[in-house]
Amino acid sequence: MTPSEVRRKQIQDFAAAHHIPVRDHSLLSTALTHTSYANEHRQQGIHDNERLEFLGDAVLDLVIGEYLFRKYPAWPEGDLTRAKASAVCEPALASCARKFYLGETLRLGKGEEHTGGRQRASILADAFEAVVGAIYLDTSYETAAEFIMEHLKPYLDLIDSGDYTRDYKTELQEFLQQDGDVDLRYNLLRDEGPDHDKTFYMEVELNGEAVASGVGKSKKAAAQQAAQAALQKLQANGGARS
């Protein structure tokens, strides 16, 4: 097989395995081509994903903006803006990209490849936006919106819970995955107060050992606080403990 045929099959397999709703696989290949790779292959006329990233960013803003506008009719502009920013921030989009192993299919220049570009949040987030742009161009706004809503659901759920500055549970899970398989659990220690005003106490357990705890007015908020504390502790210690 020629290099172009290998790439075409790689993109087709990637789209099929991760349910990327595109028909024009050359468009998806461009979405997964970093500028560093295109610069190293100028003579081959290979395009990078920056234009698709620009388009995908606009589609993301519209889809999430419309969702929040309809979901929270009483919210002022400032609250809507903060909520949207939390859902489409770089860590959130990079996390979405990692969930379907987008980095493995990215074409990167040699320098980016050798310096860990496949896992760099900025590159993954940009590539996710480019994939959204490709889906929009190749299918429809509705299809792109369905794809966006499916992948950003955890961050939209955080907005519902009222604690949406960062998704520490996802960040903790991804941090721990660097050390291989781990047993991560969230345990409700207790709750206090009347039904209309409860306070929840949650604990993070890693490989059977309590790591950190958190408190919140909902189980989700308490788990987020516990995950934040655990992440900070583990990062300071250099990783997970078996």
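In this text, all values refer to a predicted model and were calculated from it rather than measured experimentally. (Residues numbered from 1 in each chain as written. Predicted model: local features only at pLDDT ≥ 70, side-chain atom pairs only at ≥ 80, totals over all residues. Heavy atoms only, no water.)

1. So, the overall build of the chain
Moving on, step 1. Helix and strand content of the chain: 11 helices and 3 strands.
Moving on, step 2. Starting at the N terminus and walking to the C terminus, you meet the elements of the chain as α-α-α-α-α-α-α-α-α-α-β-β-β-α.
Moving on, step 3. For the C-alpha atoms alone, the extent of the chain along its principal axes is close to 65 × 45 × 25 Å.
Moving on, step 4. When burial is assessed residue by residue, the chain has 43% of its 242 residues classed as buried. (Helix = DSSP H or I, 4+ residues; strand = E, 2+ residues; numbered from the N terminus. Buried < 20%, exposed > 50% of the residue type's maximum accessible area, 1.4 Å probe, protein only.)

2. Digging into the nonpolar core
Moving on, step 1. Ranked by internal contacts, the top residues of the largest apolar core, which has 48 residues, are Ile20, Leu28, Ile64, Leu102, Phe128, Val131 and Leu152.
Moving on, step 2. In terms of residue count, helix 8 (residues 121–138) provides more of this core than any other element does, 10 residues in total.
Moving on, step 3. In this view, Leu152 contacts Leu60, Ile64, Ala87, Val88, Leu93 and Cys96; residues no more than four positions away in its chain are not counted.
Moving on, step 4. Counting 14 residues, the second largest nonpolar core, distinct from the first, contains Leu176, Leu184, Val204 and Leu206. (Core = buried A, V, L, I, M, F, W, Y, C linked by side-chain atoms within 4.5 Å. Contact = heavy atoms within 4.5 Å.)

3. Points about the domain arrangement of the chain
Moving on, step 1. Segmentation of the chain into domains returns domain 1 (3–161) and domain 2 (168–239).
Moving on, step 2. Computed over C-alpha atoms, the centres of domain 1 and domain 2 are 29 Å apart.
Moving on, step 3. Of the roughly 460 Å² buried where domain 1 meets domain 2, counting both sides, 50% is carbon and sulfur surface.
Moving on, step 4. The tally of links between domain 1 and domain 2 comes to 1 salt bridge.
Moving on, step 5. Linking Glu174 and Arg98 is a salt bridge whose minimum nitrogen-to-oxygen distance equals 3.2 Å.
Moving on, step 6. Counting across the domain 1 and domain 2 interface gives 2 residue pairs in polar contact (both at pLDDT 80 or more).
Moving on, step 7. Of all the elements in the fold, those that place two or more residues in the side of domain 1 that touches domain 2 are helix 6 (90–99) and helix 9 (141–161).
Moving on, step 8. It is helix 9 that contributes the most residues to the side of domain 1 that touches domain 2, 4 residues altogether.
Moving on, step 9. Looking at the side of domain 1 that touches domain 2 residue by residue, the classes come out as 2 nonpolar, 2 polar and 2 charged. (Domains from an automatic or database assignment. Buried area = accessible area lost by both parts, 1.4 Å probe. Salt bridge = Lys/Arg side-chain N within 4 Å of Asp/Glu carboxyl O. Polar contact = N/O pair within 3.5 Å; in protein donor to acceptor, adjacent residues only side chain to side chain. Nonpolar A, V, L, I, M, F, W, Y, C, P; charged D, E, K, R; others polar.)

4. Describing helix 11 (residues 219–237)
Moving on, step 1. Between its first and last C-alpha, helix 11 extends 27 Å over 19 residues, near the 27 Å set by a 1.5 Å rise per residue.
Moving on, step 2. Within helix 11, the full set of buried residues consists of Ala221, Ala222, Ala223, Gln224, Ala226, Ala227, Ala230, Leu231 and Leu234.
Moving on, step 3. Where helix 11 is buried, its residues meet helix 9, helix 10 (168–177), strand 1 (184–192), strand 2 (199–206) and strand 3 (209–216). (Expected span 1.5 Å × (residues − 1).)

5. As for the environment of Asp24
Moving on, step 1. By the element assignment, Asp24 lies in the loop between helix 1 (3–17) and helix 2 (25–31).
Moving on, step 2. Sequence separation between Asp24 and Thr139 is 115 residues; the distance between their C-alpha atoms is 9.3 Å.
Moving on, step 3. Among the polar contacts listed, one links the side chain of Asp24 to the side chain of Ser26, at a separation of 2.4 Å.

6. Points about the UniProt feature "binding site: Mg(2+)" (unreviewed entry) in the chain
Moving on, step 1. Under the UniProt annotation, "binding site: Mg(2+)" (unreviewed entry) lies at Glu53, Asp126 and Glu129. Despite a sequence span of 77 residues, these residues sit close together in the fold, their greatest C-alpha distance being 5.9 Å.
Moving on, step 2. By the secondary structure assignment, Glu53 is in helix 4 (residues 50–71).
Moving on, step 3. Once residues within four sequence positions are removed from consideration, Glu53 is found in contact with Asp126, Glu129 and Ala130.
Moving on, step 4. Relative to the elements of secondary structure, Asp126 occurs in helix 8. (UniProt positions renumbered as here; feature names shortened; annotations may be inferred.)

7. Observations regarding the pairing of strand 1
Moving on, step 1. As judged from the 8 bridges shared by strand 1 and strand 2, these two strands associate in the antiparallel manner. Note that in strand 2 the partner of Arg185 across the bridge is Glu205.
Moving on, step 2. The antiparallel hairpin formed by strand 1 and strand 2 contains 6 residues in its connecting segment, where Gly193 sits at a positive phi of about 100°. (Pairing = 2+ DSSP bridges.)

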